[in-house]
2 protein chains.
Amino acid sequence: MARRRAGEALPAEAADTVTALTRGLDVLGCFRRGDGPLGNQEIAARTRLPRSTVSRLTATLTRAGWLLHVPETQRYRLGPAAIALGGAALGGLDIRGIARAPMQDLANRTRAVVALGMRDRLSMLYLEVVRSDAPISLNLEAGSRISLAFSAMGRAWLAAAPPAEREDALLRLRELDDGAWPRIAAGVARAREDAAVLGICCSFGEWQDGVNAIATSFRPGGGLPLMVLNVGAPAFVCSTESLLDEARPALLALARSLDGVLDRPG
Amino acid sequence: MARRRAGEALPAEAADTVTALTRGLDVLGCFRRGDGPLGNQEIAARTRLPRSTVSRLTATLTRAGWLLHVPETQRYRLGPAAIALGGAALGGLDIRGIARAPMQDLANRTRAVVALGMRDRLSMLYLEVVRSDAPISLNLEAGSRISLAFSAMGRAWLAAAPPAEREDALLRLRELDDGAWPRIAAGVARAREDAAVLGICCSFGEWQDGVNAIATSFRPGGGLPLMVLNVGAPAFVCSTESLLDEARPALLALARSLDGVLDRPG
DNA sequence: CCCCTTATTCCGTATTACGGAAATTAATAC
DNA sequence: GTATTAATTTCCGTAATACGGAATAAGGGG
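Per an unreviewed UniProt entry, chain A carries the name Transcriptional regulator, IclR family and comes from Falsiroseomonas stagni DSM 19981.

Structure below.
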């Protein structure tokens, strides 16, 4: 009885990987911000795992507190253990605390939203979001995701990431949606150029209509991966010119000041 | 070759539980707010799993983005997937959004910290924390834990939880620290009495010296478990009297208004 | 140079996870 | 009331997988 699915490309990556664990984590990964409780069927569809397997995995996850079972509707939602894990993960990121104050400064000066993020698989993940006192507020919080290909933040990552990681990410983006590839590729080429010339990457209405943003990356050190800072706002708050002329130097200064902070003594 | 550890009591609970997954999740659970990166050794000690097994699990978790490997120190920290999961879990909790505004009201009126929490294993977990404008701020955020046995919040849960769950939790608390049991038992007895008579449970300096709090529980509905609201502050901000006389009625009113909100049409 | 500590790789074993199919439960239609 | 559809869970034989003890490798002081 073959345990690995028939059509699956076997990428030889997995010398020593615990499949049962990977699958269980994939089940958890099904739950995205915004969609409600999920039934086993839906989970099976998303993970492309056999139903009986999903049943066993959800049972296990529920017993351990990672999922909550809603008896009436026979669906699952993420449980307390998931929340606690996120708390532990964010709590351990000292860079957030270090960056928050200067980010707030920048946000106030530009009247924009300033965010700190890192890559998570094929998205960028917000780690800290700071708004100016003017409450325009794009509805984004720490822990939410944003496009890797079309946001300024994602492009800044793509422009500065280690080549191997970048190529891997681009490859997967491509096989995920081949139709979007031309736009993605163009955006990435532009991003690398912008990064080289201006030090920042842009997304003017490309991630979402009417939203402008610029972003740049830095290496915090301390074993943490490449991180990205961005400044963004609706176009009527920040024109592309104001972002490029006023926000850009401040953003670059901030990023430079955070380069290697975690490796510095003190 | 026995795969289950020798001395382990086998609780027959596990008809259909995926051990590899449970163990992997236990590894993630090792990472607590506040402690830095963990090495395999440390993880093996905390989980009481063999070293080679831990090695395999951490490798798997790292490949999937749940852990980050810090090469220099050969340690692991929680990765982006963990953060994203927490975000998804909190984002799906509509009760937070519903409760926030009235909680803020209450916080402003009492000049205390108002928090919403639920149980996670042997702790209470903060889901939402709201401060009065007066920035005294106990350093607590959504996603952090607080004692089940000694906090007002924990006691309110113990007083109202389904008997089976309560007994299970108490049993485990007892075997975790037998020495503390007399204090715990006394606190719980008192809590049940307070809940019956006053509708709230108290912790006046028992969780942490100089910190007073009261708490009460409610059932939000929508398949969610019992939740707890508390009002707390340093003793010099809120005396026990002011909590009992002024905060208590407001807290009870808030809890009652949230009872079953998620089941109500609209 | 050697010892000590920690992480990883090896590898034979049999336990465990697997998944197709049957059974169960639930809801809706007829 | 019965039939039909749909979803979840249980069963169970199979063998692939995870297991863990021991050996190996990689550092880091003393």
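Trainee: Outline the relation of the copies chain A and chain B, supporting the account with residue identities and numerical values.
Mentor: Expressed as a screw transformation, the operator carrying chain A onto chain B has a rotation angle of 180 degrees and an axial translation of 0.0 Å, and the superposed copies differ by an RMSD of 0.0 Å. The superposition operator between the copies reduces to a two-fold rotation axis. By residue overlap, the copies meet face to face through one surface: 100% of the interface positions of chain A are interface positions in chain B.

Trainee: Outline the interface of chain A and chain B, listing residues and values.
Mentor: Think of interface size as the accessible area that goes away when the parts come together; that is how it is often given. Chain A puts 52 residues into the contact, and the matching count from chain B is 53 residues. In this assembly, chain A packs against chain B so that about 4400 Å² is buried in total across both faces, 71% of it on carbon and sulfur atoms. At the junction of chain A and chain B, the tally comes to 9 residue pairs in polar contact (both at pLDDT 80 or more). For the side of chain A that touches chain B, the elements supplying multiple residues, two or more each, are α1 (19-30), α3 (51-63), β1 (67-70), β2 (75-78), α4 (80-91), β3 (113-120) and β4 (123-130) of chain A.

Trainee: Any details on the UniProt feature "domain: HTH iclR-type" (unreviewed entry) in chain A? Residues and values, ideally.
Mentor: UniProt records the feature "domain: HTH iclR-type" (unreviewed entry) for residues 18-80 of chain A in the present numbering. Here residues 18-80 of chain A runs as 54% helix and 13% strand, with 24 Å between its end C-alpha atoms.

Trainee: Any chance you could break down the sheet that holds strand β4 (residues 123-130) of chain B for me, citing the residues and the numbers?
Mentor: Residues and elements named next belong to chain B. Reading across from one edge, β5-β4-β3-β8-β7-β6 is the order of the 6 strands in this open sheet, with antiparallel pairing throughout. The outermost strands of the open sheet, each flanked by one partner alone, are β5 (145-147) and β6 (201-204). Taking each pair of neighbouring strands and ignoring which way they run, the sheet shows an average axis angle of 35 degrees. With 5 bridges connecting them, strand β3 (residues 113-120) and strand β8 (residues 227-234) associate as antiparallel partners.

Trainee: Explain the sheet that holds β3(A) to me, and be specific about the residues and the numbers.
Mentor: Residue and element names in this part refer to chain A. Overall, antiparallel pairing links the 6 strands, which are arranged β5-β4-β3-β8-β7-β6 in an open sheet. Looking at the sheet topology across the chains shown, the edges are occupied by β5 (145-147) and β6 (201-204). On average, each strand axis in the sheet is inclined to that of its neighbour by 35 degrees, with strand direction left out of account. In this sheet, β5 lies alongside β4 in antiparallel orientation, the contact comprising 3 bridges.

Trainee: Tell me about helix α7 (residues 163-176) of chain A, and please be specific about residues and values.
Mentor: Residues and elements named next belong to chain A. Taking 1.5 Å per residue as the helical rise, α7 with its 14 residues ought to reach 20 Å, and the 20 Å between its terminal C-alpha atoms agrees with that figure. When α7 is considered as a whole, its buried residues turn out to be R166, A169, L170 and L173. Buried positions in α7, seen along its axis, are confined to an arc of 100 degrees and lie on one side of it. With respect to the buried face of α7, the exposed residues turned more than 90 degrees away are A164, L171 and E175. The inward-facing, buried residues of α7 abut β3, α6 (152-160) and α8 (181-198).

Trainee: Go over the pairing of β3(B) with me, naming the residues and quoting the values.
Mentor: All names here are of chain B. Taking burial as the measure, the 8 residues of β3 include 7 buried ones, the bulk of the element. Sheet topology note: the β3/β4 ladder contains 7 bridges and is antiparallel. Residue pairing across strands places A115 opposite V129, the latter belonging to β4. Remark: 2 residues form the turn of the hairpin made by β3 and β4, two consecutive strands paired antiparallel; R121 in that turn has positive phi of roughly 50 degrees.

Trainee: Describe the pattern of salt bridges, and please don't skip the residues or the numbers.
Mentor: All names here are of chain B. Tallied over the full model, the rule gives 25 salt bridges over all chains. Note that E165 and R119 form a salt bridge whose closest N and O atoms lie 3.2 Å from each other. On the criterion of sequence distance, the pair formed by E165 in helix α7 (residues 163-176) and R119 in strand β3 is long-range, its members being 46 residues apart. Take E165: its relative accessible area is 35%, and that puts it in the partly exposed class. When the shortest N-O distance is used, the salt bridge between D168 and R172 registers 3.3 Å. One end of the pair is D168 and the other is R172, both in helix α7 and 4 residues apart, which spans about a single turn.

Trainee: Can you tell me about the environment of A:L28, naming the residues and giving the values?
Mentor: Residue and element names in this part refer to chain A. Locating L28 in the fold gives a position in helix α1. By relative accessible area, which is 0% here, L28 ends up buried. As for L28 and E128, which are separated by 100 residues in sequence, their C-alpha atoms are 23 Å apart.

Trainee: Describe the protein's contact with DNA strand C, naming the residues involved and giving the relevant values.
Mentor: DNA strand C sits among 20 residues. The nearest are A:T53, A:R56, B:T19, B:N40 and B:Q41. Among all atoms of DNA strand C positioned within 4 Å of the protein, those belonging to sugar or phosphate total 77%. In the model, a base nitrogen of DNA strand C is placed 3.2 Å from a nitrogen or oxygen of the A:S52 side chain. Taking B:T17, its main chain carries an N or O atom lying 3.3 Å from a phosphate oxygen of DNA strand C. Counting only elements with at least two residues in the surface near DNA strand C, the list comes to α1 and α3 of chain A together with α1 (19-30), α2 (40-47) and α3 (51-63) of chain B. Tallying contributions element by element places α3(A) first for the surface near DNA strand C, with 3 residues. Partitioning the surface near DNA strand C into residue classes produces 6 nonpolar, 10 polar and 4 charged.

Trainee: Help me get a handle on the domain arrangement of chain A, residues and values and all.
Mentor: As assigned here, chain A comprises domain 1 (19-84) and domain 2 (93-263). One C-alpha centre belongs to domain 1 of chain A, the other to domain 2 of chain A; they are set 31 Å apart.

Trainee: Summarise the pairing of β2(A); cite the residues concerned and give the values.
Mentor: When a strand is regular, its side chains alternate between the sheet's two faces. All names here are of chain A. Sheet topology note: the β1/β2 ladder contains 4 bridges and is antiparallel. In the sheet register, H69 faces β2, and the bridge partner there is Y76. Between β1 and the antiparallel strand that follows it, β2, lie 4 residues; Q74 among them carries a positive phi value of about 55 degrees.

Trainee: Lay out the packing of aromatic side chains in plain terms, naming residues and giving numbers.
Mentor: Counting across every chain of the model gives 0 aromatic pairs over all chains. One cation-aromatic arrangement involves A:R183 over A:F150; the distance from NZ or CZ to the ring centre is 4.3 Å.

The rules we used
- Residues numbered from 1 in each chain as written.
- Chains lettered and ligands numbered in written order.
- Predicted model: local features only at pLDDT ≥ 70, side-chain atom pairs only at ≥ 80, totals over all residues.
- Heavy atoms only, no water.
- Least-squares fit on C-alpha atoms with pLDDT ≥ 70 in both.
- Contact = heavy atoms within 4.5 Å.
- Buried area = accessible area lost by both parts, 1.4 Å probe.
- Polar contact = N/O pair within 3.5 Å; in protein donor to acceptor, adjacent residues only side chain to side chain.
- Helix = DSSP H or I, 4+ residues; strand = E, 2+ residues; numbered from the N terminus.
- UniProt positions renumbered as here; feature names shortened; annotations may be inferred.
- Pairing = 2+ DSSP bridges.
- Axes fitted to C-alpha atoms, helices over the stretch in contact; angles between N-to-C directions.
- Expected span 1.5 Å × (residues − 1).
- Buried < 20%, exposed > 50% of the residue type's maximum accessible area, 1.4 Å probe, protein only.
- Arc of directions from axis to C-beta.
- Salt bridge = Lys/Arg side-chain N within 4 Å of Asp/Glu carboxyl O.
- Near = heavy atom within 4 Å.
- Nonpolar A, V, L, I, M, F, W, Y, C, P; charged D, E, K, R; others polar.
- Domains from an automatic or database assignment.
- Phe/Tyr/Trp six-rings, centres within 6.5 Å; stacked < 30°, edge-to-face > 60°.
- Lys NZ or Arg CZ within 6 Å of the ring centre and 35° of its normal.

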